[in-house]
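Below, each chain spelled out in residue letters.
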Amino acid sequence: DVKVTQSSRYLVKRTGEKVFLECVQDMDHENMFWYRQDPGLGLRLIYFSYDVKMKEKGDIPEGYSVSREKKERFSLILESASTNQTSMYLCASSSPSGRGNTIYFGEGSWLTVV
Amino acid sequence: GNSVTQMEGPVTLSEEAFLTINCTYTATGYPSLFWYVQYPGEGLQLLLKATKADDKGSNKGFEATYRKETTSFHLEKGSVQVSDSAVYFCALSPSDDYKLSFGAGTTVTVRA
C-alpha cells in the first residue's frame, strides 16, 4: 500500500525558532512536494523536488527551504518561524512517468507558531 | 497561468440528496483533471481523475466528466451519505508538468 509519512502531526513552535518538517515515502517516487493548506485558499505549492538534491520553487517559497538528501525523504525547513506560517503542511509524492499521474499525500502536519 | 475555480461552500445536504460541486479551470494545452477528498483529520486522497477531453472519472458513486468546450470538471453524486462529509478539492496538472494546481476546496456536510 502506498505510504507517505509525515513525522509530526501537531507542532507548536515559538516565533524565530528553526522548524523541520520531515516526510518519507516508500514508493520509490522521484517527485516530492510540500504544500501549505489554508482555509479559503486551497493548497499552495511551496517547493518541489524531482530528484535527489534537486529542488524547484513553487508558488510561495518565501520563508521556507527544503532538503532532499535521499530519494525517500524530503524535509521542509522554516529558518525563522513566524506567526503567518501557522498552517497545515502537506507532503506528497508521485512518479514522473505517464500523464495524469496520481499524487499521494501524507496526513499533514499542523504547525502553530506562537 | 493555470488556475482552478470551484464553487464556494459550505454545502449542507440531507442523506440521499444529489450533490454537485462545480469546477472550472484555466490552462494551456490539455491538462489532466482531478478531484481529491479530505476527510476530517486526514490528508488528501485521490477520488477520481480524467486525462483527456470527454473522459469520465468515477469512484465511490462520484462522477465527473472532462468538458474541454466549457473548461469544466463538475463533481456529482446521486445519493450522498453521512460518510461523504469532507472537503473536496478540484485540481489540474498541466500537460507538460507534474505539479498540481488546486481550487480553494468545498466543504460538504451531509446530515442524517
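Small disclaimer: the values here were computed from a predicted structure and weren't measured.

1. Here's the deal with the sheet that holds strand E7 (residues 56–59) of chain B
Residue and element names in this part refer to chain B.
- Read across the sheet, four strands follow the order E3-E9-E8-E7 without closing on themselves; strand pairing throughout is antiparallel. The sheet terminates laterally at strand E3 (19–21) and E7, the two strands that pair on one side only. Between one strand axis and the next, the sheet turns through 15° on average, direction left out of account.

2. Quick word on the nonpolar core
- If you look at the biggest cluster of nonpolar residues, it comprises 26 residues, and the most contacted ones within it are B:Trp35, B:Leu75 and B:Tyr88.
- Every element with two or more residues in this core is listed here: strand E2 (11–14), E3, strand E4 (23–26), strand E5 (32–38), strand E6 (44–50), strand E8 (62–65), strand E10 (86–93) and strand E12 (106–111) of chain B.
- Other than its neighbours up to four places away in sequence, B:Tyr88 contacts B:Gln6, B:Ile21, B:Trp35, B:Tyr36, B:Val37, B:Leu47, B:Phe62, B:Leu75, B:Gly105, B:Thr106 and B:Val108.
- Core analysis: the next-biggest nonpolar cluster, separate from the first, contains 21 residues, A:Val4, A:Cys23, A:Phe74 and A:Tyr89 among them.

3. Thoughts on the interface of chain A and chain B
- Between chain A and chain B, the residue contacts involve 23 residues of the former and 21 residues of the latter.
- Of the roughly 1,800 Å² buried between chain A and chain B, counting both surfaces, carbon and sulfur atoms make up 53%.
- Counting every contact that joins chain A to chain B gives one salt bridge.
- B:Lys99 is paired through a salt bridge with A:Glu56; the nearest N and O atoms lie 3.1 Å apart.
- Every element with two or more residues in the side of chain A that touches chain B is listed here: strand E5 (31–38), strand E6 (42–51) and strand E10 (87–94) of chain A.
- Looking at the side of chain A that touches chain B residue by residue, the class counts come to eleven nonpolar, eight polar and four charged.

4. Regarding the side chain of A:Asn31
- Relative to the helices and strands, A:Asn31 is located in strand E5.
- Excluding anything up to four places from it in sequence, A:Asn31 contacts A:Phe48, A:Ser49, A:Tyr50, A:Arg68, A:Ala92, A:Ser93, A:Ser94, A:Ser95, A:Pro96 and B:Tyr98.

5. Considering the pattern of salt bridges
- By the definition in use, this model includes eleven salt bridges over all chains.
- Where A:Asp28 meets A:Lys71, a salt bridge forms, and the shortest distance between an N and an O atom there is 3.0 Å. With a gap of 43 residues between them, A:Asp28 in the loop between strand E4 (23–25) and E5 and A:Lys71 in the loop between strand E8 (64–70) and strand E9 (73–78) connect regions that are remote in the sequence.
- B:Lys77 is paired through a salt bridge with B:Asp84; the nearest N and O atoms lie 2.8 Å apart. Side by side, B:Lys77 and B:Asp84 carry an identical accessibility label, which is buried.
- In the salt-bridge network here, residues are joined through shared partners; they are A:Asp28, A:Glu30 and A:Lys71.

What counts and how
Residues numbered from 1 in each chain as written. Chains lettered and ligands numbered in written order. Predicted model: local features only at pLDDT ≥ 70, side-chain atom pairs only at ≥ 80, totals over all residues. Heavy atoms only, no water. Pairing = 2+ DSSP bridges. Helix = DSSP H or I, 4+ residues; strand = E, 2+ residues; numbered from the N terminus. Axes fitted to C-alpha atoms, helices over the stretch in contact; angles between N-to-C directions. Core = buried A, V, L, I, M, F, W, Y, C linked by side-chain atoms within 4.5 Å. Buried < 20%, exposed > 50% of the residue type's maximum accessible area, 1.4 Å probe, protein only. Contact = heavy atoms within 4.5 Å. Buried area = accessible area lost by both parts, 1.4 Å probe. Salt bridge = Lys/Arg side-chain N within 4 Å of Asp/Glu carboxyl O. Nonpolar A, V, L, I, M, F, W, Y, C, P; charged D, E, K, R; others polar.

Function cannot be read off these values alone, since they describe shape.
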